[in-house]
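# Structural characterization, general
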Amino acid sequence: MPDLKKIEEAAAQHIAGALYTRATPQQQQSAAAMAERDILSQTGPQVDKDDPLFIDAVTEQAIFLLLNVDKFYSPLDDVVSESVEGAGSVTYDRQNSHRIMSSRAAQLCCSLVSKSLELSRG
């Protein structure tokens, strides 16, 4: 389970951190748990979970998940737009509909992995 206190502290310094802090405690916990699993899937379980880069990556991914939750779980995968006469219309962003990882979180994962690689010369 991720350290929610550390994630909350990192979110307070994030440009979109208010999205995380406005979420319900259950949403925060779920987003942080999913984000940690996403980051571990990119870095492997050996990563130092106390590393500030790890906390930043989890926070970034948690915010990304909260921001995109409606896109991930839309039952209308094949619908590009829909409208209701008199009520308006909605157009869905099909370009990013299957992106499940924040670009910034992915970059932080690369930094984490490169820190843990051992150089062997023979």
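First, a word on what this report is: a plain description of the structure on this page. (Residues numbered from 1 in each chain as written. Predicted model: local features only at pLDDT ≥ 70, side-chain atom pairs only at ≥ 80, totals over all residues. Heavy atoms only, no water.)

Here Glu 60 lies in helix H4 (residues 52-72). Looking at Glu 60, the relative accessible area reads 11%, which means it is buried. Of note is the side chain of Glu 60, whose polar atom sits 2.8 Å from the side chain of Arg 104. In this view, Glu 60 contacts His 14, Ser 102, Arg 104 and Ala 105; residues no more than four positions away in its chain are not counted. (Helix = DSSP H or I, 4+ residues; strand = E, 2+ residues; numbered from the N terminus. Buried < 20%, exposed > 50% of the residue type's maximum accessible area, 1.4 Å probe, protein only. Polar contact = N/O pair within 3.5 Å; in protein donor to acceptor, adjacent residues only side chain to side chain. Contact = heavy atoms within 4.5 Å.)

Turning next to helix H1 (residues 4-12). Within H1 the residues assigned to the buried category are Ile 7, Ala 10 and Ala 11. Buried residues in H1, looked at end-on, bunch into an arc of 100 degrees, giving them a common side. Facing away from the buried surface of H1 by more than 90 degrees, the exposed residues are Lys 5 and Ala 12. Taken together, the buried residues of H1 touch helix H2 (17-22), helix H3 (25-43) and H4. Where H1 starts, the residue carrying a side-chain oxygen 3.1 Å from the main-chain nitrogen of Lys 5 turns out to be Asp 3. (Arc of directions from axis to C-beta.)

Here the focus is the pattern of salt bridges. Following the criterion strictly, the structure yields four salt bridges and no others. Across the pair Glu 9 and Lys 5 runs a salt bridge whose closest N-O atoms are separated by 4.0 Å. In this pair, Glu 9 and Lys 5 are both assigned in helix H1, four residues apart and thus about one turn of the helix distant. In this structure, the salt-bridge partner of Arg 104 is Glu 60, at a minimum N-O distance of 2.8 Å. Taken together, the positions of Arg 104 in helix H5 (residues 103-116) and Glu 60 in helix H4 put the pair 44 residues apart, joining distant regions of the chain. (Salt bridge = Lys/Arg side-chain N within 4 Å of Asp/Glu carboxyl O.)

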